[in-house]
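# Summary of structural features
Listed here are the chains, written in short residue letters.
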Amino acid sequence: MGEVLISHIQEGTLLSYVWGNIPEVTLSGVGLFLTWLTLQLVLYLALPGRIATGNPTPAGNILSYKCNGLNAWIFTHALFIALAYFDLMKMTVIYNYWGSLLVLANILGILLTAFVYVKAHYFPTHKEDRCFSGSFFYDFYMGIEANPRIGNLDFKLFFNGRPGIVAWTLINLSMAARQYEQLGYVTNSMLLVNILQGMYVVDFFAHEAWYLRTIDIAHDHFGFYLAWGDCVWLPFMYTLQAVYLVYHPVRLSWIASFVILALGISGYLIFRLVNSQKDYFRCQMKRTGSCEIWGEPAKYVTAEYTTSDGEVKTSWLLSSGWWGLSRHFNYVGDLMGCLAYCAACGTGHVLPYFYLIYMTVLLVHRSYRDDVRCREKYGKYWAEYTKLVPYRIVPYLF
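Residues numbered from 1 in each chain as written. Predicted model: local features only at pLDDT ≥ 70, side-chain atom pairs only at ≥ 80, totals over all residues. Heavy atoms only, no water.

Short version of the rule: UniProt positions are given in the numbering used here, feature names are shortened, and annotations may be inferred rather than shown by experiment.
Within an unreviewed UniProt entry, the label attached to the chain reads 7-dehydrocholesterol reductase, and the organism entered is Nematostella vectensis. Taken verbatim from the UniProt record of the chain, the Sequence similarities (unreviewed entry) comment is "Belongs to the ERG4/ERG24 family."

Below is the structure:
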């Protein structure tokens, strides 16, 4: 393959080579893609859900969100299984149209990016929350509007969770169905990937209101980074292990299966316990002004900061329990889960481990971004906090 590609580059026909290898987009593939987007949009707007508020925006806007992702996930998967059970659709439908869906998702990601770029200039939702860098490329990539909306449709919440994360487990199911079609059974490695990643996805939607306080929703602006990332990168890269196992089935020993399952569940529990501890701390401090962590009075730094409109507010920076071990110990649980997904694919190829490499880079980068943002926000209080909790992710290592 490398020699063929070099030959095409030397002959000046690289563009024709790339064009000739783009997956074919069929009319039925377009129909499937548009039906999927329409279904998720209808479910997002119509299904009941908990109303939650996000963090105040830089201009002080407090936005409300309808968190009905779990209902949408349950409805979508029940419909998918019912259609397959009554022979109205093959469960391998996503695998069968994989190439078409990939091309169409790229088109959507680029068109969505262009739309929100124009929208930010001419009809922004909250013009006071826009951020212009002076560079077209940076603004196009990172976005201008913080929370673009049209009516009740919030672009950030919709495009990340629906269709992106709802599709994650559907894709895995379709790949498992294709493996069954090929082999007559589903390997234990494919089952592990479906179970462990399914557990993570259900947890995401069960705690969707928590997601409103993450960097994606609370701080990032909506440009190519999120728009294309939500439409393409998330559903097609996060499902890499399941796709790999269709073409390279792996049969794990019972010992290996148990170790990988234990690693994945342990990572999930750490991720959930760490995040729940911070939620509990915040809730108790708001209600009573005091809190116990692991049976002892919580240690924390009382930090003041000033909003863009000049109002002085207070935050509590937890420095005990899980949050005394490192400033992002929840990332340790995340990475343990990532390692479990990749390890389920065996050691025959490095490709499935790209997900772990990518997530490590992403989370390390996020830890630095968070540090910069918090130093700007809290100043001397953040310096005091980092002395109490010196490690970013892994205690005594990083």
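### Some details on the nonpolar core
Soluble, globular proteins show a tendency: their nonpolar side chains are buried together. Under the convention used in this document: We call a set of buried Ala, Val, Leu, Ile, Met, Phe, Trp, Tyr and Cys residues a nonpolar core when their side-chain atoms join them within 4.5 Å. We call a residue buried when its accessible area falls under 20% of the maximum for its residue type, exposed when it is over 50%, and partly exposed in between, using a 1.4 Å probe and counting protein chains only. By the criteria applied, helices consist of DSSP H or I runs no shorter than four residues and strands consist of E runs no shorter than two, each listed in order from the N terminus. Start and end points for every domain follow an automatic or database-based domain assignment. Contact definition: two residues touch when any of their heavy atoms are within 4.5 Å.
Counting 91 residues, the largest nonpolar core has Leu112, Met175, Phe222, Tyr238, Tyr355 and Met359 as its most contacted members. Of the residues forming this core, the biggest block, 12 residues, is contributed by helix α8 (residues 155–183). Inspection of this core shows a minimum of three residues originating in each of domain 1 (26–251) and domain 2 (289–397). Once residues lying within four places of it in the same chain are set aside, the contact partners of Tyr355 are Trp168, Met237, Tyr238, Gln241, Cys338, Tyr341 and Cys342. Listed in part, the 10 residues of the second largest apolar core include Val301, Leu317, Trp382 and Val389.

### A few points about the pairing of strand β2 (residues 64–67)
Rules: Strand pairing follows a simple DSSP-based rule, namely that at least 2 bridges must link the two strands.
Going residue by residue along β2, you find Tyr65 and Cys67 tucked away on one face and Ser64 and Lys66 left uncovered on the opposite face. Bridging between strand β1 (residues 50–53) and β2 involves four bridges; their strand directions are antiparallel. Looking at β2, one finds that Arg50 is bridged to Cys67.

### Here we look at the packing of helix α6 (residues 98–122) against helix α12 (residues 224–237)
What counts, and what does not: Axes here refer to lines fitted to C-alpha atoms; in helices the fit is confined to the stretch in contact. Angles between the N-to-C directions go from 0 to 180 degrees. These descriptions rest on fixed angle ranges, namely under 35 degrees for roughly parallel, over 145 for roughly antiparallel, 65 to 115 for roughly perpendicular, and the rest for oblique.
α12 packs onto α6 with a crossing angle of 170° between their chain directions and a minimal axis gap of 8 Å. Relative to α12, α6 is oriented roughly antiparallel. Counting all contacts with α6, which are made through Trp98, Leu101, Leu102, Ala105, Asn106, Leu108, Gly109, Leu112 and Thr113, the residues of α12 involved are Phe224, Ala227, Trp228, Cys231, Val232, Pro235 and Phe236.

### Digging into the UniProt feature "transmembrane region" (unreviewed entry) in the chain
Under the UniProt annotation, "transmembrane region" (unreviewed entry) lies at residues 25–47, 68–86, 98–118, 222–247 and 254–274. As annotated, residues 254–274 has a helix share of 100% and a strand share of 0%, and its two end C-alpha atoms lie 30 Å apart.

### Let's talk about the packing of helix α16 (residues 329–343) against helix α17 (residues 354–378)
Our working definition: As a working rule, the residues Ala, Val, Leu, Ile, Met, Phe, Trp, Tyr, Cys and Pro are called nonpolar, Asp, Glu, Lys and Arg charged, and the rest polar, with Gly in that last group.
Running from N to C, α16 and α17 cross one another at 170°; their axes reach a closest spacing of 9 Å. Viewed along their axes, α16 and α17 adopt a mutual orientation that is roughly antiparallel. Residue-level contacts link Tyr331, Asp334, Leu335, Cys338, Leu339, Tyr341 and Cys342 of α16 to Tyr355, Leu356, Met359, Thr360, Leu363, Arg366 and Ser367 of α17. Here the residues of the contact of α16 with α17 are counted per class, giving 10 nonpolar, two polar and two charged.

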